[in-house]
Amino acid sequence: MTRTHFDQQLENIQEEMLSLALQVEVAMERSVDALSEGDEALAKQVIEDDVQINEKRYEIEETCLELIATQQPLAGDLRTIASVLHIVVDLERMGDHAEGIARVALMMPDEPPIMSYADIRRMAEITKGMMLASLEAFKDRDTKRAREISDEDDRVDDLYDKVLSELLALMTEDKSKIERATHLTWVAHNLERIADRVTNICERIVYLVDGTIGEMNVSKY
Amino acid sequence: MGTLGELNVSDDPAMDFKEPVFALTNVDFWYGTKQALGDITIKFPINRVTALIGPSGCGKSTLLRCLDRMNELIPGVRLEGEVAYHGQDIYASDIDPVEVRRRVGMVFQKPNPFPKTIYENVAFGARVNGYSGDMDELVERSLKQAALFDEVRDDLQKSGLALSGGQQQRLCIARTLAVGPDVILMDEPCSALDPIATLKIEDLIRVLVKDLTIIIVTHNMQQAARVSDFTAFMLAGEDGAGRLVEYGPTQRVFTNPKEKRTEDYITGRFG
């Protein structure tokens, strides 16, 4: 006895989820590029593309609900669908965080930056790496890797601390920088939240594989 | 708990039933020379619904019928091992099988009311068992327990066969309840019923289990998931004898089975 059609549908929702993740990855990368390069057009592109990310999330969600209603999934099938349902929400919210960074990029005046964006770029780089690794762990059903990835959130938190301290110092030193510095705290916050959401994805990978639901590496933020 | 042999319950404290209704130990069962059950060791908890699932021929109905000595009605059968009911071996020589069947009622796949009035269907078993109380009260109480009274209160003298399939099945449950069992065995009780009648029986099962123990054989995985507290998955071995593969809390078995064979069966990828 086989369930070829259902197996294909299960495969499809996972493929669609991974494709959504790649859209989000592009949005993350572009948003930080738009900020650090002052590229207004790129920032607008990120904001525009977020509509497609949202739509894709709802499409996948709808397919998952349809599968639950029509196929009565159990055991591993049920856990797969439940995991995809959770992960697409996290991905969509990660897209929103990228959009938030793009909006900040549009708010920044056309002046030299008040600080080096190296640490912000580093945060983005680690976060993106975590996200891509989590997708690989999902495909490989690798819980060990999922746990390792969630531990990397600490590095993002440390950088977040560093960027915040720097920005607070700038604000204290020079009141004219308060507005721009505040905008940059939002950027750092968005990146920190993206890393937290990668941790959520890692939690779902563990649930998918061994059925245990639990919080991983609770962020201090 | 380690008392269930190779069964996959060892890390499941929820399965360590201290005072089970039934405790089967190393039960083997044969129809003539054909072995139908092999080395079954399992405990059924009090006031819980336990579902027996597995493909056709895995021995789940045979196992069910071992619990009320119903299999003995078939010539040439043989049982080895122990079937303890509240600690007492029901196959001991001094045990009256009729008394076992009074305490352990059975509801079958196809509703099988007697060709008698609704009232007599319920009263018959109690009368045969020497019930000397208020029969009208017993009939009403049993029909109410079976969630049927409101539908038949004005038709108690009509034939039980005039009822719908779902009503007939609830009449059979009322008939079983009238003799005061503490266990009801159900062998695919809803397979001949439509979805609404099925849901009524399932609701009834959840109500009845507050006062007694129910063990149900079902081919309907969703039904097992909906109504039972515990689920046992059986599979015939290479020798054709049914064996327990996995036994655990229903929520766990249906979301995260430990055995691949269970996963394959409940997700429809068996065979």
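Since this is a predicted model, take the numbers as computed values, not measurements.

Colleague: Describe the environment of Ile 53 of chain A, listing the residues and the values that go with them.
Modeller: Positionally, Ile 53 of chain A belongs in helix α2 (residues 40–71). Ignoring sequence-local partners within four residues, the contact set of Ile 53 of chain A consists of Leu 20, Gln 23, Val 24, Ala 27, Glu 92 and Gly 95 of chain A.

Colleague: Can you lay out helix α7 (residues 195–208) of chain B for me, pointing to particular residues and giving the numbers?
Modeller: Residue and element names in this part refer to chain B. Relative to the 20 Å expected for 14 residues at 1.5 Å per residue, α7 spans 20 Å between its end C-alpha atoms, a close match to the ideal helical length. By the burial criterion, the buried members of α7 are Ala 197, Thr 198, Ile 201, Glu 202, Leu 204, Ile 205 and Leu 208. Down the axis of α7, the buried set is contained in an arc of 160°. They therefore lie on one face. Of the exposed residues in α7, those oriented more than 90 degrees away from the buried face are Pro 195, Ile 196 and Asp 203. Along its buried surface, α7 packs onto β3 (49–53), α4 (135–145), α6 (165–177), β7 (183–187), β8 (213–217) and α8 (221–227). Its side-chain oxygen placed 3.0 Å from the backbone nitrogen of Ile 196, Asp 194 serves as the N-cap of α7.

Colleague: Before we move on, can you summarise the environment of Ser 219 of chain A with the specific residues and values?
Modeller: All names here are of chain A. Its location among the elements puts Ser 219 in the segment after α7 (178–210). C-alpha separation for the pair Ser 219 and Thr 127, spaced 92 residues apart in sequence, amounts to 14 Å. Dropping the residues within four chain positions of it, Ser 219 is found in contact with Asp 153, Asp 157, Glu 192 and Asp 196.

Colleague: Give a detailed account of the packing of helix α1 (residues 4–37) of chain A against α2 of chain A, specifying residues and quantitative values.
Modeller: Residue and element names in this part refer to chain A. Contact geometry of α1 with α2 gives a least axis separation of 10 Å together with a crossing angle of 160°. Compared by their axis directions, α1 and α2 come out roughly antiparallel. Here α1 and α2 pass one another in a crossing that is left-handed.

Colleague: Pulling in residues and values, what's your account of the packing of helix α4 (residues 118–140) of chain A against helix α5 (residues 143–151) of chain A?
Modeller: Residues and elements named next belong to chain A. Where α4 contacts α5, the two axes come as close as 9 Å, and the packing angle between them is 165°. With respect to α5, the element α4 is oriented roughly antiparallel. When the axes of α4 and α5 are compared, the crossing they make is left-handed. Counted together, Met 130, Ala 133, Ser 134 and Ala 137 of α4 and Arg 145, Ala 146 and Ile 149 of α5 form the full contact between these two elements. When grouped by side-chain class, the residues that make up the contact of α4 with α5 number five nonpolar, one polar and one charged.

Colleague: How would you explain the interface of chain B and chain A if you had to name every residue and give the values?
Modeller: Facing 13 residues of chain B, the contacting portion of chain A comprises 15 residues. Considering only the surface of chain B that becomes buried against chain A, Gln 222, Thr 255 and Arg 269 of chain B emerge as the three largest contributors, covering 41% of it. Linking chain B to chain A there are two salt bridges. Among the ionic pairs, Arg 269 of chain B bridges to Asp 7 of chain A, the shortest N-O distance being 2.4 Å. Connecting chain B to chain A are nine residue pairs in polar contact (both at pLDDT 80 or more).

Procedures and definitions
- Residues numbered from 1 in each chain as written.
- Chains lettered and ligands numbered in written order.
- Predicted model: local features only at pLDDT ≥ 70, side-chain atom pairs only at ≥ 80, totals over all residues.
- Heavy atoms only, no water.
- Helix = DSSP H or I, 4+ residues; strand = E, 2+ residues; numbered from the N terminus.
- Contact = heavy atoms within 4.5 Å.
- Expected span 1.5 Å × (residues − 1).
- Buried < 20%, exposed > 50% of the residue type's maximum accessible area, 1.4 Å probe, protein only.
- Arc of directions from axis to C-beta.
- Polar contact = N/O pair within 3.5 Å; in protein donor to acceptor, adjacent residues only side chain to side chain.
- Axes fitted to C-alpha atoms, helices over the stretch in contact; angles between N-to-C directions.
- Parallel < 35°, antiparallel > 145°, perpendicular 65-115°, else oblique.
- Left-handed = near helix turned anticlockwise from the far one by under 90°.
- Nonpolar A, V, L, I, M, F, W, Y, C, P; charged D, E, K, R; others polar.
- Buried area = accessible area lost by both parts, 1.4 Å probe.
- Salt bridge = Lys/Arg side-chain N within 4 Å of Asp/Glu carboxyl O.

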